[in-house]
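A closer look at the structure
Residue strings, one per chain:
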Amino acid sequence: QVQLVESGGGLVQPGGSLRLSCAASGRIFGVNTMGWYRQVPGKQRELVASFSSGGRTNYADFVKGRFTISRDDAKNTVYLQMNSLLPEDTAVYYCNLKNGPWPSSDYWGQGTQVTVSS
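Here goes a summary of the coordinates provided. Since we're looking at a predicted model, the values are computed, not measured.

Counting across every chain of the model gives one disulfide. The disulfide partner of cysteine 22 is cysteine 95, and the gap between their sulfur atoms is 2.0 Å. Between cysteine 22 and cysteine 95, the disulfide has an S-S torsion of -80° and is therefore left-handed. A residue pair is termed long-range when its members are at least 10 positions apart, and cysteine 22 in strand 3 (residues 18-25) and cysteine 95 in strand 9 (residues 91-99) qualify at 73 residues. Using a relative accessible area of 0% as the deciding quantity, one classes cysteine 22 as buried.

A few words on the pattern of salt bridges. Evaluation of the coordinates by the stated rule reveals six salt bridges. Ionic pairing is found between arginine 38 and glutamate 46, a salt bridge with its closest N-O pair at 3.0 Å. A salt bridge links aspartate 106 to lysine 98, with the shortest nitrogen-to-oxygen separation between them at 3.1 Å. The exposure class assigned to aspartate 106 is partly exposed, which follows from its relative accessible area of 42%. On the basis of relative accessible area, lysine 98 is assigned to the partly exposed category, the value being 27%. Through salt bridges that share partners, Arg38, Glu46, Arg66 and Asp89 make up one connected network.

Next up on the list: the sheet that holds strand 1 (residues 3-7). Taken in spatial order, the four strands make up an open sheet running 1-3-8-7, and their pairing is antiparallel. For this open sheet the edge positions go to strand 1 and strand 7 (67-72), each flanked by a neighbour on one side alone. On average, each strand axis in the sheet is inclined to that of its neighbour by 15°, with strand direction left out of account.

Right, let's talk about unusual backbone geometry for a bit. Along the chain, tryptophan 102 connects to proline 103 via a cis peptide bond; the corresponding omega equals -5°. Unusually for a residue other than glycine, asparagine 76 sits at a positive phi of about 50°. Tracing the sequence through the fold places asparagine 76 in the loop between strand 7 and strand 8 (77-82). We classify asparagine 76 as partly exposed; its relative accessible area is 27%.

In terms of nonpolar packing, the biggest core is built from 26 residues, with Trp36, Val48, Phe67, Leu80, Met82 and Tyr93 touching the most fellow members. Every element with two or more residues in this core is listed here: strand 3, strand 4 (32-39), strand 5 (46-52), strand 7, strand 8, strand 9 and strand 11 (112-116). For tyrosine 93, the contacting residues outside a window of four places in its chain are Glu6, Leu20, Trp36, Tyr37, Arg38, Val48, Phe67, Leu80, Met82, Gly111, Thr112 and Val114.

Turning next to the side chain of threonine 112. Relative to the assigned elements, threonine 112 resides in strand 11. With relative accessibility at 11%, the residue threonine 112 sits in the buried group. Within the local environment of threonine 112, its side chain forms a polar contact with the backbone nitrogen of glycine 9, the two atoms lying 3.3 Å apart. The residues touching threonine 112, leaving out its near neighbours within four places in the chain, are Glu6, Gly9, Leu20, Ala91, Val92 and Tyr93.

About the cut-offs
Residues numbered from 1 in each chain as written. Predicted model: local features only at pLDDT ≥ 70, side-chain atom pairs only at ≥ 80, totals over all residues. Heavy atoms only, no water. Disulfide = S-S within 2.5 Å. Helix = DSSP H or I, 4+ residues; strand = E, 2+ residues; numbered from the N terminus. Buried < 20%, exposed > 50% of the residue type's maximum accessible area, 1.4 Å probe, protein only. Salt bridge = Lys/Arg side-chain N within 4 Å of Asp/Glu carboxyl O. Pairing = 2+ DSSP bridges. Axes fitted to C-alpha atoms, helices over the stretch in contact; angles between N-to-C directions. Core = buried A, V, L, I, M, F, W, Y, C linked by side-chain atoms within 4.5 Å. Contact = heavy atoms within 4.5 Å. Polar contact = N/O pair within 3.5 Å; in protein donor to acceptor, adjacent residues only side chain to side chain.

This is the structure in structure tokens:
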């Protein structure tokens, strides 16, 4: 059984920064992709950024230049450094693990609230 535990959300002023962390435990395959999605009420969950075990990163256009995804494979942990936050970044952020090669198994964290407001 795979579990994802997120931390680091909270309230921040516009222009501020937050760092999200997600630690995975259980049977993690060497081939995987870890990433972050976000969701606001009434909208679909959307990809923010992902980082494959092969070293490939992918960012949504709306975060390019502001957010950075990184991972520590020794700790099975993925991070999302969020800078220059905007009110429209307010959402619940979910950690995702695509475990194994295609077709991989999908796992989700419980979500962490990020609120950007003055």
